[in-house]
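Below are the chains, spelled out letter by letter.
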Amino acid sequence: MKRMFEVRGGDFDKAGETSTEVKTLLKDLGIDPGIVRRAGVVTFEAEMNVVMYAEKAQVTLILTDKDIAVEVKDQGPGIPDIELAMQEGYSTATDEMREMGFGFGMGLPNIKKNSDHFTLESELGKGTRLYSVIRLDSDDSPNTRV
Amino acid sequence: MIPLTHGFKIEADRCQGCLSCMRICPTHAIRVKNGKARFEPDQCIDCGSCLTACRNGAITATTLSSEDLFKFQFKVAVPSPVLFGQFPAGITPDHIHEGLHSLGFDAVWDYGVDLILSGRAITRYLADWKGTFPLISTSCPVIVRLVQVSYPRMVDQLVQVQIPREIAGREAKRRYSEELSLSPDQVGVIYITPCQAKTISILQPAEGAESYLDGALGINAVYNGILAYANLHREDGKKPSRGNLIRNSTMLQWSVSEGMGRVLSDHQYLHVTGLPNIIQVFDDIEKGKLRNVEFLEAFCCWSGCTGGNLTVANIYVTLSKFHTLISQLPETDPQTEAEVERRFPLENFSLDRPVRPRPVKGMTGDLRERVKIMQKAEEILNSLPGLDCGLCGAPTCKVLARDASMGDATRTDCVFYSKERLRDLQKRHIHKGRPGPKA
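Read on for a plain summary of the structure. All values derive from a computational prediction rather than experimental measurement.

Criteria and cut-off values
Residues numbered from 1 in each chain as written. Chains lettered and ligands numbered in written order. Predicted model: local features only at pLDDT ≥ 70, side-chain atom pairs only at ≥ 80, totals over all residues. Helix = DSSP H or I, 4+ residues; strand = E, 2+ residues; numbered from the N terminus. Rg over C-alpha atoms; globule rule 2.2 N^0.38 Å. Buried ≥ 20, exposed ≤ 12 C-beta atoms within 10 Å, placed from the backbone. Contact = placed C-beta atoms within 7 Å. Core = buried A, V, L, I, M, F, W, Y, C linked by C-beta atoms within 7 Å. Pairing = 2+ DSSP bridges. Right-handed = clockwise from strand over helix to strand, strands pointing away. Nonpolar A, V, L, I, M, F, W, Y, C, P; charged D, E, K, R; others polar.

### Looking at the overall build of chain B
In step 1: Broken down by element type, chain B carries 15 helices and eleven strands.
In step 2: Taking 22 Å as the expected radius of gyration for a compact globule of 439 residues, we find that chain B reaches 24 Å, a close match to that expectation.
In step 3: Dimensions of chain B, computed from the C-alpha atoms along their principal axes, are close to 70 × 55 × 40 Å.
In step 4: Counting only residues that meet the buried cut, chain B has 44% of its 439 residues in that class.
In step 5: Long-range pairs, those at least 24 residues apart, make up 77% of the contacts in chain B with a sequence separation of at least 6.

So this is what it looks like as structure tokens:
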């Protein structure tokens, strides 16, 4: 199954709607709640990046028997140094964004942490393509006490 | 899978097809077809909302009637603590005790002991638990079914400990059949219940085992008899001659505020009542948002079992009555403690088998099938008006679309697509003394 969503840059009012839709869809299909949660995190963080930095993006969700793939292709400034951007705590967010509770430099690392496969490609001045795959059989039990 | 048994029935003759039950049902289990309500057994969790919503008395609880008692040679009542908060001031637990005897019961069970036993068993279970938290209480049968039907992945979190009324049923049967040399079948152990949902855990326990109880009588079914008896006898000032049934406040305390909360004071405990609140909390658990709670006790009815749909008194009056009773009683007493100490090592408190999920129709196939159903339902939904008027006989357009995607309904059930359907509704509902719309 394939679904496409549009996300507009700067639209903080609607930020988070795509990830909510994705989560509802997966939940209605009876996908494991742990997997739904991870797909939700990936979509939400990617969506927030688009809202904060890019002009617009197309989010594509592809569900197969084996996995969930999320592709986020944006038109935006691009990322100059991907390795740096992937570091926890590194952020180029403005004070305004931080005041809203975003931009703590955890978005991309969080996406990676919740993906079984993750790629990030970017071209300066053009845009960024993020691709994340979550396997449906990957084990996840967030509530277990250790 | 064996279809679910339920604690109520819909009488077609009385049903006027008014849609009230369908609109209120939290799991969308009810449809109104050909002017009559019916429910999908596998989707219904027995919350009882429809019983309260029905204006025509067509939905009734399938509890026992007093006559059913007489097939047993020896009849034991296990009264829910809620019963003791139902009567006007001046009517004591001892009057109620006597009143139950006057209705034909041969014994009234000392339920306080079983509650404490179950509390101990749960404390032990919680201490040994290595799996996912929070653990969920199985005291309210609606919650057990809600988890089985809507949160199938959480079934392992249901506490696999016998509920107090089953512990009571087992011991009452054992003791009286032994003392009186009767077979266990000749001893009838009847739960006096505040709601119809408790009967489902007797008719069909969630784990698929057999209940130790023989049935349930609603509080409303015994209320008048007890009240009449007590009114006669409280005037004569004679102290009831039978032993004290309620010797301490523990049992009553469990029924009012925090249930197991006092027993589990060393643990992170969460108490939720009211189905919408519970669903919200369960959603949070599924999302992994509720991490620090170890034990969750949820009751379908607002304010817990005191709000059950077979109770008579107003919830708040009941709570006030409990408050008075609790303040007059010690927290514990030697007789109860001795009985708990004696029984705890002798009895097995684990469930005979684990509780299994009960996924609803359309969720049982593989992912490919589920996607197909969803896509078809979305396609149909796009062509529906989205007004959720319910005139098609399904509570929302989304539900109709889903039914249609599985072949259980058609798009032409929608009044926007079928003039016949509209005419049929006009025929059924306009000529009943109510004025129709002016042309």
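Moving on from the model shown.
### Details of the environment of Asp 67 of chain A
Residue and element names in this part refer to chain A.
In step 1: Secondary-structure assignment places Asp 67 in strand S3 (residues 67-75).
In step 2: Residue class for Asp 67 comes out partly exposed when judged on the 17 C-beta atoms lying within 10 Å of it.
In step 3: Here the alpha-carbon distance between Asp 67 and Thr 24, two residues 43 residues apart in the chain, equals 17 Å.
In step 4: Setting aside chain neighbours within four positions, we find Asp 67 in contact with Val 133, Ile 134, Arg 135 and Leu 136.

### Quick notes on the nonpolar core
In step 1: Among the nonpolar cores identified, the biggest contains 102 residues, and Val 76, Ala 77, Val 78, Ile 143, Ile 190, Ile 192 and Cys 300 of chain B are the most heavily contacted of them.
In step 2: Counting residues per element, this core draws most heavily on helix H4 (residues 111-128) of chain B, at eight residues.
In step 3: Contacts of Val 78 of chain B, omitting those with residues within four sequence positions, involve Trp 109, Tyr 111, Arg 165, Ala 168, Gly 169, Ala 172, Val 189, Ile 190, Tyr 191 and Ile 192 of chain B.
In step 4: Of all hydrophobic cores here, the second largest spans 27 residues; its members include Val 7, Ile 35, Met 52 and Val 70 of chain A.

### Some points on the pairing of strand S5 (residues 74-79) of chain B
Residues and elements named next belong to chain B.
In step 1: Most of S5 sits out of view: five of its six residues are buried.
In step 2: When S5 meets strand S8 (residues 187-193), the two strands line up parallel, connected through six bridges. Paired with Lys 75 across the bridge in S8 is Gly 188.
In step 3: With helix H3 (residues 93-102) bridging S5 and the parallel strand S6 (residues 107-108), this β-α-β connection has right-handed handedness.

### Examining the sheet that holds S8 of chain B
All names here are of chain B.
In step 1: Pairing is parallel across the open sheet formed by four strands, whose spatial order is S6-S5-S8-S9. Of all the strands in the sheet, the pair left with one neighbour each is S6 and strand S9 (215-218).
In step 2: As paired elements, S5 and S6 share two bridges and run parallel to each other. Within S6, the residue paired with Ala 77 across the bridge is Val 108.

### As for the interface of chain B and chain A
In step 1: Opposite the 15 residues of chain B that make contact, chain A presents 14 residues.
In step 2: Considering every element that reaches the side of chain B that touches chain A, the biggest residue donor is helix H13 (residues 367-382) of chain B, with six residues.
In step 3: Across the side of chain B that touches chain A, the residue classes break down as five nonpolar, four polar and six charged.

### Considering the sheet that holds strand S11 (residues 295-299) of chain B
Sheet strands line up and pair through hydrogen bonds in the backbone, either parallel or antiparallel.
All names here are of chain B.
In step 1: Spatially, three strands are ordered S7-S11-S10 in an open sheet, and the strand pairing comes out parallel. The strands lining the two open edges of the sheet, one partner per strand, are strand S7 (135-136) and strand S10 (269-273).
In step 2: Sheet analysis places S10 next to S11, joined by five bridges and oriented parallel. Across the sheet, residue Val 272 finds its bridge partner in S11, namely Ala 298.

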